[in-house]
Amino acid sequence: MTDPAVAPDPGVAKAKNILRSHVRAERARFPLPDASRAARLARALRCCSGSRVVALYASVPPEPDTLGLADALAAAGVRVLLPKLAGFRTPRWAWYSGPASLVSGWRGIPEPEGPALPAEALAEADLIWCSALAADASGRRVGTGGGWYDRALAHRSRGATVGVLLNDREVRDAVPADAWDVPVHLIVTEQRAIRCPGVEAAATQDPPSGGD
């Protein structure tokens, strides 16, 4: 439960929603060329080097592609966790076993058809890629607004790296954040990989049920 002394800030919520609308419109209007998407994928794959288990979200256009990353990781012998969203308010996961294993889930988002694993399964992941629409170099992230990853990340292992995949123009000087937002360690774009300093002391307050 959220600390009752820490109420959501309406100003932060409004600023996040404005930023989300802007980024979604920009992604639809200015898709990255194939070469830029390939460069981001290659950079993300290098950042996964040494991981035994990687957690991903199943992307849908115009989000940065993660299913290509899932295939590359699986081919390299890395186990991949994907969310199972349909019918679950509490985060659930399943093992990825190739494109043929995916079915259309909540709002058409692909998910593995295998059995659901509990939220605690995320603790197996060395590296967790979260969905995001923007972030800044201090590690603050603006997600899609459903609060799923805020709830999921409470179950990550202490040493796990949390990262986001973005278009480079979505890396901002600063983004709005609430007190309970978990910062990320890593931002990967088509142009660069950014290691975010000082994010080891992650927020410990739980997000509200509609948090970002």
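See the structure shown above.
All of the points below concern the structure found in this document. (Residues numbered from 1 in each chain as written. Predicted model: local features only at pLDDT ≥ 70, side-chain atom pairs only at ≥ 80, totals over all residues. Heavy atoms only, no water.)

1. Observations concerning the side chain of Ser131
By the element assignment, Ser131 lies in the loop between strand S6 (127–130) and strand S7 (134–136). Ser131 has contacts with Tyr57, Glu63, Arg141, Gly143, Thr144 and Tyr149, leaving out every residue within four places of it along the chain. (Helix = DSSP H or I, 4+ residues; strand = E, 2+ residues; numbered from the N terminus. Contact = heavy atoms within 4.5 Å.)

2. Thoughts on the packing of aromatic side chains
Scanning all chains against the criterion turns up 3 aromatic pairs. Ring centres of Trp93 and Trp148 lie 5.1 Å apart, and the angle between their planes is 70 degrees; this geometry places the pair in the edge-to-face category. Separated by 55 residues along the polypeptide, Trp93 in strand S3 (residues 93–95) and Trp148 in helix H4 (residues 148–152) bring together distant segments of the chain. Just as Trp93 is buried, Trp148 falls in that class too. When the ring of Trp148 is compared with that of Tyr149, the centres are 5.0 Å apart and the planes differ by 75 degrees; the resulting orientation is edge-to-face. This pair shows no difference in class: Trp148 is buried, exactly as Tyr149 is. Three or more aromatic residues joined by ring pairs make a cluster, and in this case those are Trp93, Trp148 and Tyr149. Against the face of Trp95 rests Arg79, its NZ or CZ located 3.7 Å from the ring centre. (Phe/Tyr/Trp six-rings, centres within 6.5 Å; stacked < 30°, edge-to-face > 60°. Buried < 20%, exposed > 50% of the residue type's maximum accessible area, 1.4 Å probe, protein only. Lys NZ or Arg CZ within 6 Å of the ring centre and 35° of its normal.)

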